[in-house]
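# Notes for the structure review
Below, each chain spelled out in residue letters.
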Amino acid sequence: MAERSLPAAYFEGIFAGDADPWDLASSPYEAAKFDRTIAALSARRAAWALEVGCAGGVLTERLSAVCARLLAIDVSPTALERARQRLSGRRNVRFEAAAFPRDCPALDGLDLVVLSEVAYYWSDADLDLAAQRIADGLVEGGRVLLVHWTGETDYPQTADDAVERLWLGLSAVLRVDLAERHPNYRLDLWSRR
């Protein structure tokens, strides 16, 4: 049982020390994963989307092409500044500092929530709260996309534990559209019934 989420200072320290700490902009693995992420969404353009944990904006840039309006949030001011610079000129993207799910902007009317490489940083209580926030903000037919590394970590959760915990909180209102396992990550796409 994970009792504590990783704190904001953990992420700010990572981004302050490295311009691209997970090689999101340069790794062939990340590029292929992002390609698959966008392909999973491309059947339908999102009208109003939330990306939790936008980091430096690499995935945000790709999401901006399939979203009419996108709110990208992160706990790291350094990461947010890099994302803003990367996407300067993209009028459909707004950035906000927020520690989802505890610090949550107004989310009414969302038709897409993207949780890419973030849920395993959260405690059990925060995963339960995240499920509630998503359920409260997601419209009928709205989708939740989760993409998480399945390798060994020292995070509060494994990818499988985090996704299963979220599913427990959302299974009454969502259905599974995709559940894919790739060599190093899993991709789950759920939609509101």
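Structural data are supplied above this passage.
Residues numbered from 1 in each chain as written. Predicted model: local features only at pLDDT ≥ 70, side-chain atom pairs only at ≥ 80, totals over all residues. Heavy atoms only, no water.

## Some words on the overall build of the chain
In terms of helices and strands, the chain carries six helices and seven strands. Counting from the amino terminus, helix and strand elements in the chain follow one another as α-α-β-α-β-α-β-β-α-β-α-β-β. Expected size for 193 residues packed as a compact globule is a radius of gyration near 16 Å; at 15 Å, the chain falls within 12% of this value. Along the longest, intermediate and shortest principal axes, the C-alpha atoms of the chain span 40 × 35 × 35 Å. (Helix = DSSP H or I, 4+ residues; strand = E, 2+ residues; numbered from the N terminus. Rg over C-alpha atoms; globule rule 2.2 N^0.38 Å.)

## Description of the layout of surface pockets
Estimates place the volume of the largest pocket at around 670 Å³. The wall of the largest pocket is formed by 38 residues, among which F11, G53, E117, V118 and Y121 lie closest to the centre. For the lining of the largest pocket, the leading source of residues is helix 2 (residues 28–41), giving four residues. A class-by-class count of the residues in the lining of the largest pocket yields 26 nonpolar, four polar and eight charged. (1 Å grid on protein atoms, 1.4 Å probe; cavity = no way out; pocket = protein on both sides within 12 Å on 5 of 7 lines; lining within 4 Å. Points joined across faces, edges and corners; volume = space filled by probe spheres on them. Nonpolar A, V, L, I, M, F, W, Y, C, P; charged D, E, K, R; others polar.)

## Concerning the pattern of salt bridges
Within the structure shown, the criterion is met by 14 salt bridges. Across the pair R165 and D128 runs a salt bridge whose closest N-O atoms are separated by 2.7 Å. Remark: D128 occurs in helix 5 (residues 124–137) and R165 occurs in helix 6 (residues 159–170); sequence separation between them is 37 residues. What makes R165 partly exposed here is its relative accessible area of 27%. Take D128: its relative accessible area is 37%, and that puts it in the partly exposed class. When the shortest N-O distance is used, the salt bridge between R181 and D160 registers 2.9 Å. Taken together, the residues R181 in strand 6 (residues 174–181) and D160 in helix 6 connect sequence positions 21 residues apart. Given a relative accessible area of 25%, D160 falls into the partly exposed group. One salt-bridge network, in which partners are shared between bridges, spans D160, R181, R186 and D188. (Salt bridge = Lys/Arg side-chain N within 4 Å of Asp/Glu carboxyl O. Buried < 20%, exposed > 50% of the residue type's maximum accessible area, 1.4 Å probe, protein only.)

## Overview of the sheet that holds strand 5 (residues 138–149)
As summarised here, the arrangement of the seven strands in space is 3-2-1-4-5-7-6, forming an open sheet in which the pairing is mixed. One side of each edge strand has no neighbouring strand; the edge strands of this open sheet are strand 3 (93–97) and strand 6. Neighbour-to-neighbour, the strand axes of this sheet turn through a mean angle of 15 degrees, independent of strand direction. As defined by bridge partners, strand 1 (residues 46–52) adjoins strand 4 (residues 110–116) across four bridges and the pair is classed as parallel. (Pairing = 2+ DSSP bridges. Axes fitted to C-alpha atoms, helices over the stretch in contact; angles between N-to-C directions.)

## Details of helix 4 (residues 77–86)
All of the buried residues along helix 4 are A79, L80 and A83. The arc that holds the buried residues of helix 4, viewed along the axis, is 100 degrees, so those residues lie on one side. Across helix 4 from its buried face, at more than 90 degrees, point the exposed residues P77 and Q85. Those residues of helix 4 that are buried lie in contact with helix 1 (8–17), strand 2 (67–74) and strand 3. (Arc of directions from axis to C-beta. Contact = heavy atoms within 4.5 Å.)

## Section: helix 6
Look at helix 6: 16 Å from first C-alpha to last across twelve residues, which is about the 16 Å you get at 1.5 Å a residue. What helix 6 keeps buried is the set A159, A162, V163, L166 and L170. Down the axis of helix 6, the sector holding all buried residues measures 95 degrees, keeping them to one side. (Expected span 1.5 Å × (residues − 1).)

## Describing the pairing of strand 1
By the criterion of burial, strand 1 is predominantly enclosed, with six of the seven residues buried. When strand 1 meets strand 2, the two strands line up parallel, connected through six bridges. Residue pairing for strand 2: W48 is matched across the bridge by R69. Following the chain from strand 1 across helix 3 (residues 58–64) to the adjacent parallel strand 2, one finds a crossover that is right-handed. (Right-handed = clockwise from strand over helix to strand, strands pointing away.)

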